[in-house]
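Here is what each chain is made of, one letter per residue.
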Amino acid sequence: MKFYFLVSFFLSSLANACPNLTGTYLCQKSDLRGESLYTYSQVPVGDHWQFTMTAKLVGMDIATSYQFVTDGVERELTDGITGTKILATATCDSSALTIVGTANLDKPNKIKFSEILSLSPEGDLEDYSDAPSGVTLYELCKRQSN
């Protein structure tokens, strides 16, 4: 009984460390891309979470796929579809997942980026991201029925 309690306590405290973003979200067309579907899944890894994110334009094949761990360690991540590499650090608290990184590693002009992902009260995905211009962009992506 003690073991069950400790496991339950550990999993519940781990579950509170990040928002549960598991699901698929529809993001409307923007100046940067067409209408897109983003799918997130997450599993516990030690004291942290491993997230898998895939993205695709509506009606197309998956365009990008990344996995990252929310332990605050900067890692080189490789896109599972294109092979593109980025450097990224992922952290979270109970309300938001934050990813900070650098893209275009193989180019002279690297791009710094950040994303803060959280859920609206309705369960939709809220995305605050910093554009290369320095402007913070906000996007609300609607949760899709499973």
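Our subject in this report is the structure included herewith. The model shown is predicted, which means the values in this text are computed figures rather than measured ones.

A short note on the pattern of salt bridges
Note that side chains of opposite charge can pair when their charged atoms are close.
Thinking step 1. By the definition in use, this model includes three salt bridges.
Thinking step 2. A salt bridge links Arg75 to Asp71; the shortest N-O distance between them is 2.7 Å.
Thinking step 3. On the accessibility criterion, Arg75 (32% relative accessible area) is partly exposed.
Thinking step 4. The shortest N-O distance in the salt bridge between Asp124 and Lys142 comes to 3.4 Å. One end of the pair, Asp124, is in the loop between strand E8 (111-119) and strand E9 (125-130); the other, Lys142, is in strand E10 (residues 136-143), with 18 residues separating them in the sequence.
Thinking step 5. According to the relative accessible area criterion, Asp124 is buried, its value standing at 7%.
Thinking step 6. Under the relative-accessibility criterion, Lys142 is labelled partly exposed at 43%.

Comments concerning a nonpolar patch on the surface
Thinking step 1. Side chains of Ile116, Tyr128, Tyr138 and Leu140 sit close together on the surface and give an oily, nonpolar patch of about 350 Å² of accessible area.
Thinking step 2. Along the polypeptide, Leu140 turns up in strand E10.
Thinking step 3. The exposure class of Leu140 is partly exposed, given its relative accessible area of 35%.

Some details on the state of the cysteines
Thinking step 1. In this structure the tally under the stated criterion is two disulfides.
Thinking step 2. Note on cysteine connectivity: Cys18 is disulfide-linked to Cys92, with sulfurs 1.6 Å apart. With Cys18 in the loop between helix H1 (2-15) and strand E1 (23-27) and Cys92 in strand E6 (residues 85-92), this pair connects stretches of sequence that are 74 residues apart.
Thinking step 3. Using a relative accessible area of 4% as the deciding quantity, one classes Cys18 as buried.

Details of the environment of Thr91
Thinking step 1. Relative to the assigned elements, Thr91 resides in strand E6.
Thinking step 2. The exposure class of Thr91 is partly exposed, given its relative accessible area of 35%.
Thinking step 3. It is 7.9 Å that separates the C-alpha atoms of Thr91 and Val69, two residues lying 22 residues apart in sequence.
Thinking step 4. When near neighbours in sequence (up to four residues on either side) are disregarded, Thr91 contacts Thr70, Gly72, Ala96, Leu97 and Thr98.

Examining the environment of Met60
Thinking step 1. Locating Met60 in the fold gives a position in the loop between strand E3 (48-57) and strand E4 (62-69).
Thinking step 2. Classification of Met60 by relative accessible area gives exposed; the value is 51%.
Thinking step 3. Between the alpha carbons of Met60 and Leu37 there is a distance of 9.8 Å; along the sequence they are 23 residues apart.

Quick word on the packing of aromatic side chains
What characterises a pair of aromatic rings is the spacing of the ring centres plus the angle enclosed by the ring planes.
Thinking step 1. Counting across every chain of the model gives three aromatic pairs.
Thinking step 2. Look at Phe51 and Phe68: their rings are 5.7 Å apart centre to centre, the planes differ by 10°, and that puts the pair in the stacked class. Placement of Phe51 in strand E3 and of Phe68 in strand E4 is noted, with a sequence separation of 17 residues between them. Phe68 shares its class with Phe51; the two are buried.
Thinking step 3. Here Tyr128 and Tyr138 contribute two aromatic rings whose centre-to-centre distance is 4.8 Å and whose plane-to-plane angle is 50°, an arrangement assigned as tilted. With Tyr128 in strand E9 and Tyr138 in strand E10, this residue pair connects regions lying ten residues apart in the sequence.
Thinking step 4. The class of Tyr128 is partly exposed, set by a relative accessible area of 35%.
Thinking step 5. Under the relative-accessibility criterion, Tyr138 is labelled partly exposed at 43%.

Thresholds applied
Residues numbered from 1 in each chain as written. Predicted model: local features only at pLDDT ≥ 70, side-chain atom pairs only at ≥ 80, totals over all residues. Heavy atoms only, no water. Salt bridge = Lys/Arg side-chain N within 4 Å of Asp/Glu carboxyl O. Buried < 20%, exposed > 50% of the residue type's maximum accessible area, 1.4 Å probe, protein only. Helix = DSSP H or I, 4+ residues; strand = E, 2+ residues; numbered from the N terminus. Patch = residues over 30% accessible without salt bridge, like charges linked within 9 Å, V, L, I, M, F, W, Y side chains within 5 Å. Areas by Shrake-Rupley, 256 points an atom, 1.4 Å probe, with all protein chains shown as cover. Disulfide = S-S within 2.5 Å. Contact = heavy atoms within 4.5 Å. Phe/Tyr/Trp six-rings, centres within 6.5 Å; stacked < 30°, edge-to-face > 60°.

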